[in-house]
Each structure stands twice: as structure tokens, then as C-alpha cells.
Amino acid sequence: MESNTREAQPKRRVKVYPEPVNRKRAKKPKVRTGCRTCKIRRVKCDEQKPHCKKCLTFGATCDGYATTTPASVIRPIQPKRSLDSPLPLLHPTPQALLSILTMPDKALCPDPTSHQYFQYFLSSTLADLSGTSKEPFFHRVLPQACVNEPALLSLTVSLGAISKAKSSPTALATTHHAFAISNYSKALRKIQEAIKTRREPDATRIALISSLIIFCFESVHGDPELAIIHMEAALKLMKKRLRTWNATYSQIDKSSTIPNMEYDLLSAFVRVDNVLMSRMDGPREQCRQQRKSLLEIQYREEEVNMPTCFKDVGEARNYMEHFQYQSMPRLKTLAGEFMHDDKNQQILGDANFPSQAYPPENPNDEVRKVANAAIKDQLVARLNSWHRAFAPLFDSADEKSLPAAMTMKALALATDLAVQRGCEAVNVKLGIPENDFVKEATEIIELCRAVANRPSFYKGFVFDCGIVPSLFIVLFSCKNIQVRRRIVEVLKKAEGRSEMVWEANRVRELGEMMLAAAVDGNHTTITWVEHS
């Protein structure tokens, strides 16, 4: 009976594979911290660092991990803060700083055209902007900032495009220039939006980094006055927000007391601040008086142990700039002193306006002589120790490092000459015989000529000071006609060169006016025409 019942029951079909209606994905909590490649493939990432094993096993290239804040994190509403209000003094944290990493393999730009200009920036514009100094800001800070902030990436793309336009034939330059201007306007709007929406200290960092890019863009584009206006505004913002007047800085041990800012970014602003103080042009009122530091940062007074031999030109530059920064209260008036003749009248501009560069009269000239000699001896002693450490490096320079070594030596000799010339201006008034500086001038000119004659010499804007300010110092330190003619010849070879705020064409124009005035026999007839 039971057997008949079993036979009457229908046999069940055995399901080997689940049917579509029965297929259900196992419910697992979503993970938003996986690598980019696993997210695209929609697979679970094992989150190994720096590259996940899932990608390596699959044979794919792991594109790394996103740095944006996960959507699940809810931030409290922050009160709006004005950009003019000072930042709270916080200790630097890894989250606040843009870490310096290598560029990722994955394209960062949203379209192929922008990607090509960004690649041009990395391959060509970086080297051109750095000059002989290999500025760390451009080689380390800025590329990584482009990875972390799309607005800075867009602004950098514009800089690459305008640089390519300047180095391309006319037919192609038009296309590159049009893209640069159009993308530049869009990038500025993105920067403004990023500053409004980011929390501190990231908002201030974006503003400062973008200001350096804007300074370079406007300079390459051919509007140095607008570039200076932007940079001065950035320096004032930096002083107010980061309280730089309370901070100390050292070029030797590469340290500062400013929180939330790495040394490489700070050093770029310190360099610009000092260059703006010592520039020759600008409003006539500024040329007649001492320019003040916009950062007002304090340079650490420390005993410098000069190495026996510098390991490279970068180290030599750090020590030289350390001396220059500490001596800037004296050196920053040199451009004003050079603009005046021995009769205390202005060479460039109103001949009846008395110089403000000379120290005030002192009834006791002997006291002034002693004080002036003490300043000179202290600066010269430091420079002599620098020259001893630099000599082995210069003598052993190869073909690749020789241009940077020659530029650095010319700068050092020009700094030495500026110190002597600054003290000479006081000595002449005190009745001390004047030095013609022909020997020193000739050595500097020949070094600059050798640099300008090299095929690799870039005749455009560089974020560096080299032969142009050196030749300016020689031009106003040595009154020998033949020396000044040779300076004009070298500057003609460097036509188009612009070193931060020092333009070769403008210094050459000054030299030509001085030569013409010397032929007339009255150099006070020279009139400086300010560029609008």
C-alpha cells in the first residue's frame, strides 16, 4: 500500500543551478573606502596599501584610494569665517597638509585637451619656471596639490597652456592662447568656490597656492604689474591669516614656526617677499623710500657653521639667501641708492628730489665711518666664507650643472658688490675715495654672458633670480662706459628673459639711457618712464 502511494506522487525536479527568479545578491555592508579600480569593477576591495591585492591578482593597475571625505561622515555646521580674520593657531596635522607624493598614473584631467596641457606643464613648464633653482614648490607641492584639489589642477592646466602658447609658432600659439584664457577664467571661478566651501586651514592653503600660480600665469602672459598686485595681496592675506609677524624662519635648517604650512610652500613666499622689497621699479614714491616686508617674518639669528664644501648648488643658494634675508634691512635700500648720483640727486625721475636712501646726517662723521665699516666687514666676512665653500663645487661642475653654478657665482659676486656699493654711497659723502669696481664688474658680466649664450638658456619668465638682477647691480655700481656697454650687449642676448620681477628688457633700456646721457655729459637728464 505504501509502495503504491510513493509511486503515485510526482517526482520533484532537482535544481542544479538557481533560476533567475531565485538569484539574490548576498546582503553585505557597503564599503566606500576601497580603491578606485575595485569601485569601477564593482568588486570588494581588500584595502591593502599602497595597492590592493585584488587588483594585483586580477592583473589590473590599482589607481589608489580616494582622499575625499566619505559621504557617511556628517560634519557639523561651521560658522562662516571671513578671509580677513586670523586663523586659530593649531598644531599641524597630516590631514591639514598636502602630502608630497609621486604623481598617479591615472589621468587627472576631465578631458584629453586639458590632460595634454597638464602633461606639457609637467614635462616643460616646470623646468622653465624653476630656472636654475629647481624650486621645490613647483616640483613637489604643486603637483601633489593638483591631485588633491581639482580647482588648482584647472588653474595649473591654464598655466601649461599659456606657456605652450609662448613657445609655439604663431599659427598654433593662437589656439593655445585662446584655450588658456578661457580655461583661466573658469579656473578662477572654481578657486573662489573652493575657498568658500572648504574648511580651514585648507581654504587658506588653496588661496595661497593659487596666488603663486596666478603670479606665474600673469607674468608669462605679459602683465607683470598685475602679477605683482596679486602677489602683494596674497602676502598681506598670509600675514593676517597666519600671523607671520610672530613666526621665525630659517633658510639653513629649513624650518619655521608657522603651523599648517610646510617649509617648501613657505620658502616660495619668503623668496617673493624679499624680491618685491628689492625690485627697482614700481610707484615712484616706493622707489624713494625703504620698502617694508609684507610678511614681516623674523629671520632667525643663529650661528652658521659654514660647510667646507657645498654638496650642490641648492645648498649654496640656501646659505646665500640666508645671508641676504638677514641683511635685507640694509640691502633693500640699494635699488633706491643706485637710482641716485653722487650729488644726492635722483638719476631716474625728478632730479630735484633728494634721496631718502642715505642714512640721516650725524654730526660726528667718525662715528658714521666706524658704523658703516662694521656693517660692511660683517657682511663681507660672511660672503668670503661662502665663496670658500662654493669654490670646490664650482671647479668640479660638469656640463649639466655648470649653468646653475655660473648663475649662482654671479649672484654671489653681485651681492658682494651691492654691499660694497651700498657702503660706498655713504663713504663718498664722508670724503672717502670712490671705488670704480671695474674688476668685480667684469667678472660678473663674463659669467652672465656665458650663461646667456648657452642654448638651454630660457628667454621667458622664470620663478628665479639670476643674471638680470646681477647685471642691474653692476650697471649702477660701475660707471665705466665700456662696462655698461658690455652689460647692454649681454641683456640684448637675454631679450625676453624675466626673472620674477626683474625684466631683461627694462634693465637694458636703463643701460641705454645711461649711455645716452653720458654722451650728453649730464646723466641727470634721464627720465624714467613707468610702464602702465
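Residues numbered from 1 in each chain as written. Predicted model: local features only at pLDDT ≥ 70, side-chain atom pairs only at ≥ 80, totals over all residues. Heavy atoms only, no water.

Of the regular secondary structure elements, the protein chain holds 19 helices and six strands. The buried share among the 532 residues of the protein chain stands at 47%. Contacts spanning at least 24 positions in sequence make up 71% of the contacts within the protein chain whose residues lie at least 6 apart. When the accessible surface of the protein chain is split by element, carbon and sulfur atoms take 54% of a total near 28,100 Å². (Helix = DSSP H or I, 4+ residues; strand = E, 2+ residues; numbered from the N terminus. Buried < 20%, exposed > 50% of the residue type's maximum accessible area, 1.4 Å probe, protein only. Contact = heavy atoms within 4.5 Å. Areas by Shrake-Rupley, 256 points an atom, 1.4 Å probe, with all protein chains shown as cover.)

Let us look at the layout of surface pockets. Each pocket or cavity is described by its volume, and for the second largest pocket that value is around 1,100 Å³. Surrounding the second largest pocket, 47 residues form its lining, Gly-131, Thr-132, Ser-133, Lys-134 and Ala-404 being those nearest its centre. Sort the elements by how many residues they give to the lining of the second largest pocket and helix α12 (residues 313–331) lands first, with eight residues. Looking at the lining of the second largest pocket residue by residue, the class counts come to 18 nonpolar, 12 polar and 17 charged. (1 Å grid on protein atoms, 1.4 Å probe; cavity = no way out; pocket = protein on both sides within 12 Å on 5 of 7 lines; lining within 4 Å. Points joined across faces, edges and corners; volume = space filled by probe spheres on them. Nonpolar A, V, L, I, M, F, W, Y, C, P; charged D, E, K, R; others polar.)

The next point concerns the packing of helix α16 (residues 438–452) against helix α18 (residues 481–493). Close contact between α16 and α18 brings their axes to 10 Å; oriented N to C, the two are set at 15°. When the interaxial angle is binned, α16 and α18 end up roughly parallel. By crossing handedness, the relation of α16 to α18 is classed as left-handed. Residue-level inspection shows Val-438, Ala-441, Thr-442, Ile-445, Glu-446, Cys-448, Arg-449 and Ala-452 of α16 in contact with α18, the latter providing Val-483, Arg-486, Ile-487, Glu-489, Val-490 and Lys-493. Residues that form the contact of α16 with α18 fall into these classes: eight nonpolar, one polar and five charged. (Axes fitted to C-alpha atoms, helices over the stretch in contact; angles between N-to-C directions. Parallel < 35°, antiparallel > 145°, perpendicular 65-115°, else oblique. Left-handed = near helix turned anticlockwise from the far one by under 90°.)

The full count for this structure, using the stated rule, is 16 salt bridges. The shortest N-O distance in the salt bridge between Arg-140 and Asp-264 comes to 2.8 Å. Taken together, the residues Arg-140 in helix α5 (residues 136–148) and Asp-264 in helix α10 (residues 263–278) connect sequence positions 124 residues apart. Owing to a relative accessible area of 38%, Arg-140 belongs among the partly exposed residues under this scheme. Here Asp-464 makes a salt bridge to Arg-317, at a shortest N to O gap of 3.3 Å. One end of the pair, Asp-464, is in the loop between β4 (461–462) and α17 (467–477); the other, Arg-317, is in helix α12, with 147 residues separating them in the sequence. By relative accessible area, which is 2% here, Asp-464 ends up buried. (Salt bridge = Lys/Arg side-chain N within 4 Å of Asp/Glu carboxyl O.)

The next subject is helix α7 (residues 170–197). Between the first and last C-alpha of α7 there are 40 Å, a value that for 28 residues agrees with the 40 Å anticipated at 1.5 Å per step. Turning to α7, its buried residues are Ala-173, His-176, Ala-180, Asn-183, Tyr-184, Ala-187, Ile-191, Ala-194 and Ile-195. At its buried positions, α7 is contacted by α4 (112–130), α6 (150–166) and α8 (202–221). (Expected span 1.5 Å × (residues − 1).)

Let us now look at the packing of aromatic side chains. Considering all chains together, one arrives at 15 aromatic pairs under this definition. A centroid spacing of 6.2 Å and a plane angle of 85° characterise the contact between Phe-215 and Phe-463, whose relative ring orientation is edge-to-face. Here Phe-215, found in helix α8, pairs with Phe-463, found in the loop between β4 and α17; they are 248 residues apart in sequence, far enough to count as distant. By the burial criterion, Phe-215 is buried, and Phe-463 matches it. Look at Phe-310 and Trp-386: their rings are 5.8 Å apart centre to centre, the planes differ by 45°, and that puts the pair in the tilted class. Within this pair, whereas Phe-310 is found in the loop between β3 (298–299) and α12, its partner Trp-386 is found in helix α14 (residues 365–395), the two being separated by 76 residues in sequence. As far as burial versus exposure is concerned, Phe-310 and Trp-386 are alike and both buried. Ring-pair connections join several aromatic residues into one group, and the members of that group are Phe-137, Phe-138, Phe-215, Phe-461 and Phe-463. (Phe/Tyr/Trp six-rings, centres within 6.5 Å; stacked < 30°, edge-to-face > 60°.)

So, on to the sheet that holds β3. Each strand in a sheet pairs with its neighbour through backbone hydrogen bonds, running either in the same direction (parallel) or in the opposite one (antiparallel). Spatial strand order, β2-β1-β3: three strands in an open sheet with mixed pairing. Strands with a single pairing partner mark the edges of an open sheet, and in this sheet they are β2 (255–256) and β3. The sheet contact formed by strand β1 (residues 248–250) and β3 spans two bridges and is parallel. Its bridge partner being in β3, Tyr-249 is matched across the sheet by Tyr-299. (Pairing = 2+ DSSP bridges.)

This part covers the environment of Met-408. Tracing the backbone through its elements, the reader meets Met-408 in helix α15 (residues 402–429). Taking the C-alpha atoms as reference points, Met-408 and Arg-317, 91 residues apart in sequence, are found 7.1 Å from one another. Once residues within four sequence positions are removed from consideration, Met-408 is found in contact with Val-313, Ala-316, Arg-317, Met-320, Trp-386 and Phe-390.

With that settled, consider unusual backbone geometry. Cis geometry is adopted by the peptide bond preceding Pro-201, which originates at Glu-200 and carries an omega value of 5°. At Glu-296, a residue that is not glycine, the phi angle is positive and equals roughly 55°. As for its position among the elements, Glu-296 is in the loop between α11 (284–287) and β3. Even without a glycine there, the phi angle at Met-500 is positive, about 60°. Inspection of the secondary structure puts Met-500 in the loop between β5 (498–499) and β6 (502–503). Judged by relative accessible area, Met-500 falls into the buried class, the value being 3%.

Turning our eyes to something else, we now look at the packing of α5 against α6. Close contact between α5 and α6 brings their axes to 6 Å; oriented N to C, the two are set at 125°. Considering their axes alone, α5 and α6 lie oblique with respect to each other. For the pair α5 and α6, the sense of crossing is left-handed. In contact with Leu-142, Ala-145, Cys-146 and Asn-148 of α5, α6 contributes Pro-150, Leu-152, Leu-153 and Thr-156. Split into classes, the residues belonging to the contact of α5 with α6 amount to six nonpolar, two polar and no charged.

Take the sheet that holds β6 next. What the three strands build is an open sheet, ordered β4-β5-β6; its pairing is mixed. Edge positions in the open sheet fall to β4 and β6, since each of these has one partner strand only. Relative to β6, β5 runs antiparallel, the two being bridged by two bridges. Among the inter-strand pairings, Ser-498 is bridged to a residue of β6, identified as Glu-503.

Don't take any of this as a statement about function, it's just geometry.
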